[in-house]
Structures are given as structure tokens and as C-alpha cells.
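The chain contents come next:
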Amino acid sequence: MQVVEVVKEYTSPAFVRGRTTKIRRSKLLKTAAYAALSPTAPLAPHVIQRREPGANDVLIDILYCGICHSDIHQARDEWGGAIFPMVPGHEIVGRIAGVGSNVVKWRAGDIAGVGCFVDSCRECGPCMDGEEQYCEKGMNLTYNGYGRDGAPTYGGYSTRITVDENYVLRIPAGMPLERTAPLLCAGITTYSPLRRFGVKAGDRVAVAGLGGLGHMGVKIAGAMGASVTVLSHSPEKRAEALRLGASEFIATVEPRAFQENASSFDLILDTVSIRHDYDSYLSLLRHDGTMVLLGIPEPTPLSAYSLVMQRRRLAGSLIGGIRETQEMLDFCARHHIASDVEVIPAHRINEAYERVVRSDVRYRFVIDISSLKES
Ligand code: NAP
Ligand code: ZN
Ligand code: ZN
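Just so you know, these numbers come straight off a predicted model, no measurement behind them.

This part takes up the coordination of the zinc ion (ligand 3). Note on the zinc ion (ligand 3): its protein donors are Cys121 (SG), Cys124 (SG), Cys127 (SG) and Cys135 (SG). The metal-donor distances range over 2.3 to 2.4 Å. Metal-centred angles of 103 to 119° between the four donor atoms at the zinc ion (ligand 3) mark the site as tetrahedral. We note that the donor set of the zinc ion (ligand 3) lies within a single chain, spaced as C-x2-C-x2-C-x7-C. Among the residues examined, Cys127 registers a relative accessible area of 9% and is labelled buried.

Structure follows, in C-alpha cells:
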């Protein structure tokens, strides 16, 4: 699609505490995208407008965008409060096309990544600590949110994106770009808790759910020296789990799977996307072990007994900050880690969504954005 520059005055919907914000924009860039227009509509071609780079912005021509299960949760409004039209996508890799006058870190032609957020307040404790994802004022999500200017945000199922230079990641040279896009969410979401909970060589780590997050968890925990076990409800994934670096595989559908493996693990990363029995999974933790919830299914009951008896801990973790995301990318480059992907053209997004929901993905769908330019 050609760059078309238009002058437009934009009025955002009720945003900050019911206030309506009027934003004068000098130039907007018409951009081809795929969008959901409602929670029940399939995604379809759509045109959005990006802001022209301001002094601190970069404009990125998107090359690849991963399909995260969170895209599906949100496009179908499974978490509530979804904003439509919605252009999902927060696993973005592209090439810098232009930079604002104050930008010092980036030059046209650089390969860059964008993850789950594009801004934050930059003043609160978490922001000052480099954990912008926990911003007290709420991070500005890459899509299904609002930018600091009050305009709705649109994600990576599109040909380009304008982002403040401080919220852009550097992709280390030599990384395969289509296999790197999923690191911007699936990679950091698994890397961050492995670091936070101090996983070290010899620890026994279990990864529940061998999907987009799960397969990255297996690779990264393995590279940290842990002995990794996959807990999967898909017995046919056994061989692949071992190929990905797991030393053991437990088919959770086996009747005695949980009893036979009780009190085995130091850490469990739970990436399962639908409601499941937390108590059974907690029983697999050793004394003082920790289970970290990464998947976000509907509210799920839990017995205090599972935690109290062995002083087990239940934690959650949300993606990672910019600094840690860069650290993860550099770690993956050093260890030659990238995602296993199935690259698809944009018109197959809806089919990909159905397959993700059926756990039929090896292990991340990635949209080749050049297919969108042509459509
Ligand atoms: P995914 O690729 O669909 O993987 C989820 C896995 O859950 C599936 O591959 C499957 O693994 C397992 N699963 C699915 N249905 C199941 C069932 N009926 N019973 C037991 N296990 C089942 O999804 P993803 O992109 O990795 O995302 C996983 C979850 O994490 C989603 O809820 C997503 O929204 C959330 N998420 C959270 C963060 C965060 O920051 N915390 C970031 C990104 C995503 P098996 O076939 O091996 O059982
Ligand atoms: Zn995600
Ligand atoms: Zn903040």
C-alpha cells in the first residue's frame, strides 16, 4: 500500500476518566491492516491511520508479526472491555523506515522489534525500575489500548507502526526474523519468570502446555541449564517436546500422571490457556516450589491446602520490561534460540486462530506482512 498523507482531526472515545480528548494531528499515514470489527466477526482487511513520527518516534515497516493466544482472547473479547475495530499483534519485527529529529538510538534500515506495550508513564516505581509492564498508571498496550496521546492503539497485523524510540527493541544481527518475532511476547513471558525465580543449572522445571509460550519456556529453561519436563494434554507432542530439549514428558491425560509425579519440581511455568485444575498441578511442586501462572484462562478455583502443606508458592508474571526484553533477545541470540514457526499470509489469520484454539500449532503462527501489502 502506498503512503498517503492526510490531515485529520482525531477525537478519541471516552478515554481518561470519561474525558474526551481531541488531538490535532498534522499528518496521518494510511496503513493496510487486518482487523476484527466485533468479537464475533472474522478478521478482515481494514485501513488504519498511523501517526507520522514525532521528534522521539520511529516509523517501522513491519516484516513479521506472531499470533499470540492473547490476540485471540482479546479479538473475541474473552477478557472484557475490548476496543473495536481491533488490529491485534504484539510480536512485531520490522525495519526502521524513518526517525524523528530527536531520535538517537535508531537509523533508517535498522531491524527492530515491538512487543506488548508502546509506552508507559515513565515516572512510577515500576517504570523507574524498568518494569514498565507493571506501570501504576497502566502501560499503553500495543493494541486494544490507548496511546499517551489518547488515540486507540493498533497492533502488528499491519504494514507499519509508529513507536517512541524508547519502547523499541534491537534485534541482534543474524537472528532469523520470522522466528524472532514470537520472542517479543512468548520469549519474554517465559524468560522473565525463569530469571525472577532464579532458575539455575540442575533445577527441575516443568512447563505446562506446549504451545507458543510453552515451547519457548522449554528452550530458554534448557539454555539456563535446567532439567525440563513438559506437562501436556496432547500425548502426541511427546517426541517434539524431547526434540525441543525437554528431558521428560508427562501426558496429563494419563490417569495416574499427577500422583506418580507428585513433589517433583522446583518451578512450574503454567502456560495453559483454558481453565484447568490448579491443585493437581501444584501437587507436582516440591516443598518450597513455585508455580508461575502465565496463561490467563477464566477464573479458576484453588484449594489453600495445595499451598499450605508444603509451603508452595503460586505466582503470576506478565511479559517483561524493555530492559529485560532486550536482555532476553541477546540471550536467545547467544544461545541460538528462536521460535518454531509456521509462516502464513494474512488471509489465513482466521484459520490460524481456529488451529491455535485446537492446540494445533507447531508452535507459533507468524504472519508474513508482505502478503498484506499485496492484498
Ligand atoms: P497456545 O499456543 O494456544 O498454547 C496454550 C497451550 O495450552 C496449548 O498448546 C496446550 O498445550 C494447552 N492447552 C490448550 N487447551 C488445553 C486443555 N483443554 N487442557 C489442557 N491444556 C490445554 O497459547 P500461548 O500463546 O502460548 O498463550 C498461552 C496463554 O498465556 C494464553 O492464555 C495467553 O493469553 C497467555 N499469555 C500470557 C502472557 C503473560 O504475560 N502472562 C503473555 C502471553 C500470553 P498442550 O497441547 O501441550 O496441552
Ligand atoms: Zn502475547
Ligand atoms: Zn509507570
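Summarising the element assignment, Gly145 is placed in the loop between strand 8 (140-141) and strand 9 (160-164). Gly145 gets classed as buried once you look at its relative accessible area, which sits at 9%. Between the alpha carbons of Gly145 and Gln259 there is a distance of 43 Å; along the sequence they are 114 residues apart. If we skip the residues at most four places from it in the chain, Gly145 touches Ile83, Ala151, Pro152 and Thr153.

Let us look at the coordination of the zinc ion (ligand 2). Looking at the zinc ion (ligand 2), the protein donor atoms are Cys68 (SG), His90 (NE2) and Cys185 (SG), and they sit 2.0 to 2.3 Å from it. All donors to the zinc ion (ligand 2) come from one chain, and their sequence spacing reads C-x21-H-x94-C. One end of the pair, Cys68, is in the loop between strand 4 (57-67) and helix 1 (69-75); the other, His90, is in the loop between helix 1 and strand 5 (92-99), with 22 residues separating them in the sequence. On the accessibility criterion, Cys68 (3% relative accessible area) is buried. Taking relative accessible area as the criterion, His90 reaches 6% and is therefore assigned buried.

Another aspect to go through is the confidence of the model for the chain. Overall, the prediction assigns the chain a mean pLDDT of 93, with 93% of residues at 70 or greater. Low pLDDT, under 50, characterises residues 1-26; the stretch is placed with 58 contacts to residues that sit more than four places away or in other chains.

With that out of the way, let us pick up helix 4 (residues 186-196). Burial runs high along helix 4: nine of the 11 residues are buried. Turning to helix 4, the residues buried within the fold contact strand 11 (204-208), helix 5 (212-223), strand 14 (265-270), strand 15 (285-293), helix 10 (322-334) and strand 18 (364-368). Just downstream of helix 4 lies Gly198, where phi reads positive at about 65°.

Below, the discussion takes up the site of ligand 1. Around ligand 1 lies a shell of 29 residues, among which His69, Ser232, His233, Ser234 and Arg364 are the nearest. The separation between an oxygen atom of ligand 1 and a polar side-chain atom of His69 is 2.6 Å. Those elements that provide at least two residues to the shell around ligand 1 are helix 1 and helix 5. Here the shell around ligand 1 takes three residues from helix 1, the largest share from any one element. Per-class residue counts for the shell around ligand 1 are 12 nonpolar, 15 polar and two charged. Among the domains, domain 1 (3-184 + 340-374) and domain 2 (186-316) are the pair contributing at least three residues each to the shell around ligand 1.

Another point: the sheet that holds strand 14. Whether parallel or antiparallel, the strands of a sheet pair through hydrogen bonds between backbone atoms. Ordered in space as 13-12-11-14-15-16, the six strands form an open sheet in which the pairing is parallel. Looking at which strands have only one partner, the edges of the open sheet turn out to be strand 13 (248-251) and strand 16 (313-316). Ignoring strand direction, the axes of neighbouring strands in this sheet form an average angle of 20°. One ladder, built from five bridges, connects strand 14 with strand 15; its direction is parallel. Residue pairing across strands places Leu269 opposite Val292, the latter belonging to strand 15. Contacting strand 11, strand 14 and strand 15, helix 4 crosses the sheet at an angle of about 155° to strand 14.

Conventions we followed
Residues numbered from 1 in each chain as written. Chains lettered and ligands numbered in written order. Predicted model: local features only at pLDDT ≥ 70, side-chain atom pairs only at ≥ 80, totals over all residues. Heavy atoms only, no water. Donors = N, O, S within 2.8 Å, 3.2 Å for Na, K, Ca; no water. Tetrahedral: all angles 85-135°; square planar, octahedral: opposite > 155°, others 65-115°. Buried < 20%, exposed > 50% of the residue type's maximum accessible area, 1.4 Å probe, protein only. Helix = DSSP H or I, 4+ residues; strand = E, 2+ residues; numbered from the N terminus. Contact = heavy atoms within 4.5 Å. pLDDT = per-residue confidence, 0-100. Near = heavy atom within 4 Å. Polar contact = N/O pair within 3.5 Å; in protein donor to acceptor, adjacent residues only side chain to side chain. Nonpolar A, V, L, I, M, F, W, Y, C, P; charged D, E, K, R; others polar. Domains from an automatic or database assignment. Pairing = 2+ DSSP bridges. Axes fitted to C-alpha atoms, helices over the stretch in contact; angles between N-to-C directions.

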